[in-house]
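This is what each chain is made of:
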Amino acid sequence: MVSRLSTGKSWYKHFQYEVGRDKPSDVRNVMLVVATVIAAVTFQAGVNPPGGMWQDNDNGHVAGRGIYAFQSTPYYVFLIANTLALSASVLVIISLTHRFPFHLEVIVATISMIVTYCSPIFAVTLNESVKFRYVIAAASVPFIIRALIQLFNKVFRKE
């Protein structure tokens with residue numbers, strides 16, 4: 001490894017996916033782990049927003065509201081990016097478990113997780129600070145892109 005670093009060769013190429021070497025089931029398992037970690041991190045960040053929550057009603061803020069939500073633009077960027085990451089990871093989890101036993105239960109659990117994610121966002125965010133239609137749009141972007149890719153492949157596939 002030291003010789004690769006000293007010669008300037010790419011050390012990470014050894015860890016990249018290689019068609020003949022890596023089994024699809026191993027790749028799927030790695031992707032499931034990565035998607036699950038991303039889903040867990042983004043879910044936690046949404047449920048416990050950065051900066052915590054106000055504990056009292058002093059100085060014009062409301063107890064139980066997110067501290068970071070009072071800075072509407074940065075919070076809005078955080079919320080959109082976090083929701084997009086959660087939605088994309090859920091899509092990967094659902095896609096990689098397709099036709100597995102208990103796939104319906106996986107879908108129900110992931111939908112429930114997204115509803116559970118949305119509930120605290122609505123609770124801790126100021127009504128005037130975030131337009132929730134944009135958050136919902138961000139959550140649907142990965143699914144829409146995947147549907148468009150599938151549609152494109154069906155329409156323009158030449159076999």
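In this report, we go over the structure that sits alongside the text. In this numbering scheme, every chain counts its residues from 1 along its sequence in written order. Given that this is a predicted model, residues contribute local features only at a pLDDT of at least 70 and side-chain atom pairs are listed and counted only at 80 or more, while totals for whole chains, interfaces and linings are drawn from all residues. The side-chain quantities take in all heavy atoms of the structure and omit both hydrogens and water.

**Quick notes on the overall build of the protein chain**
- A tally of regular secondary structure across the protein chain gives 5 helices and 0 strands.
- At 20 Å, the protein chain has a C-alpha radius of gyration far larger than the 15 Å of a compact globule built from 159 residues.
- Projecting the C-alpha coordinates of the protein chain onto the three principal axes gives extents of approximately 65 × 50 × 30 Å.
- Counting every position in the protein chain, which comprises 159 residues, the buried fraction comes to 24%.
- Taking contacts inside the protein chain between residues at least 6 apart in sequence as the whole, the part at least 24 apart equals 63%.
- Looking at the protein chain as shown, the accessible area adds up to about 11,000 Å², and 66% of this sits on carbon and sulfur atoms.
- Averaging the positions of the 14 positive and the 8 negative side-chain charges in the protein chain gives two centres separated by 13 Å. In DSSP terms, a helix is any run of H or I states spanning at least four residues, a strand is any run of E spanning at least two, and both are numbered starting from the N terminus. Each radius of gyration reported is based on C-alpha atoms, and the globular scaling rule is 2.2 Å times the count of residues to the power 0.38. Only protein chains enter the accessibility calculation, which uses a 1.4 Å probe. A residue is then buried if its area is under 20% of the maximum for its type, exposed if over 50%, and partly exposed in between. Any two residues whose heavy atoms approach within 4.5 Å are treated as being in contact. Note that accessible areas follow from Shrake-Rupley with a 1.4 Å probe, and for residues the cover is restricted to the protein chains shown. The positive count covers Lys and Arg only, the negative count covers Asp and Glu only, and His and the chain ends enter neither. Just so you know, the charge point we use is NZ for Lys, CZ for Arg, CG for Asp and CD for Glu.

**Observations regarding the packing of aromatic side chains**
- Aromatic pairing here means that ring centres of Phe, Tyr or Trp (its six-membered ring) are within 6.5 Å. Orientation follows from the plane angle: under 30 degrees is stacked, over 60 is edge-to-face, and everything else is tilted. According to the stated counting rule, one finds 6 aromatic pairs in the structure shown.
- With a centroid separation of 5.9 Å and 85 degrees between ring planes, the pair formed by Trp-54 and Phe-70 is classed as edge-to-face. Linking Trp-54 in the loop between helix H2 (24–47) and helix H3 (72–96) with Phe-70 in the loop between H2 and H3, this pair joins segments that are 16 residues apart in sequence.
- Phe-70 sits in the partly exposed class, given a relative accessible area of 35%.
- Through a chain of ring-to-ring contacts, three or more aromatic side chains come together here, namely Tyr-68, Tyr-75 and Phe-78.

**A closer look at the packing of H3 against helix H5 (residues 132–156)**
- In this description, a line fitted to the C-alpha atoms serves as the axis of each element, helices being fitted only across the stretch in contact, and the angle between N-to-C directions of two axes falls anywhere from 0 to 180 degrees. Between H3 and H5, the least distance of the axes is 8 Å, while the angle of their chain directions is 30 degrees. By crossing handedness, the relation of H3 to H5 is classed as right-handed. Facing H3, whose interface residues are Tyr-76, Leu-79, Ile-80, Thr-83, Leu-84, Ser-87, Ala-88, Val-90 and Leu-91, H5 presents Tyr-134, Val-135, Ala-138, Ala-139, Ser-140, Val-141, Pro-142, Phe-143 and Arg-146.
- We call Asp, Glu, Lys and Arg charged. Ala, Val, Leu, Ile, Met, Phe, Trp, Tyr, Cys and Pro are nonpolar, and the rest, Gly among them, are polar. Of the residues that constitute the contact of H3 with H5, the class distribution is 14 nonpolar, 3 polar and 1 charged. Helix crossings get a hand from a simple test, with the near helix turned counterclockwise from the far one by less than a right angle marking a left-handed crossing and a clockwise turn marking a right-handed one.

**Some words on the side chain of Ser-89**
- As for its placement among the helices and strands, Ser-89 is situated in helix H3.
- Reaching out from Ser-89, the side chain makes a polar contact with the backbone oxygen of Leu-86 at a distance of 2.8 Å.
- Ignoring any residue separated from it by four or fewer positions in sequence, one finds Ser-89 in contact with Ala-35, Ile-38 and Ala-39. Within 3.5 Å is the distance limit for a polar contact, defined as a pair of N or O atoms, with the added protein rule that one can donate a hydrogen and the other accept it, and that residues adjacent in sequence qualify only through two side-chain atoms.

**Concerning the packing of H2 against H3**
- Between H2 and H3, the shortest axis-to-axis distance is 8 Å and the interhelical angle comes to 150 degrees. The two elements H2 and H3 meet at a crossing, and its hand is left-handed. Residues Arg-28, Met-31, Leu-32, Ala-35, Thr-36, Ile-38, Ala-39, Thr-42, Phe-43, Ala-45 and Gly-46 of H2 form the contact with H3, whose own contacting residues are Phe-78, Asn-82, Ala-85, Leu-86, Ser-89, Val-92, Ile-93 and Leu-96.
- Class assignment of the residues belonging to the contact of H2 with H3 gives a composition of 13 nonpolar, 5 polar and 1 charged.

**Topic: the environment of Phe-156**
- Among the structural elements, Phe-156 can be located in helix H5.
- Placed 89 residues apart in sequence, Phe-156 and Ile-67 show a C-alpha to C-alpha distance of 49 Å.

**Observations concerning a nonpolar patch on the surface**
- Taken together, Ile-144, Leu-148, Leu-151, Phe-152, Val-155 and Phe-156 make up a surface patch of nonpolar side chains, about 640 Å² in accessible area.
- By relative accessible area, Phe-156 is classed as exposed at 52%. In this analysis, a patch consists of residues with relative accessible area above 30% that form no salt bridge, clustered at 9 Å for like charges and at 5 Å for the nonpolar side chains Val, Leu, Ile, Met, Phe, Trp and Tyr. Any Lys or Arg side-chain nitrogen located within 4 Å of an Asp or Glu carboxyl oxygen qualifies as a salt bridge.

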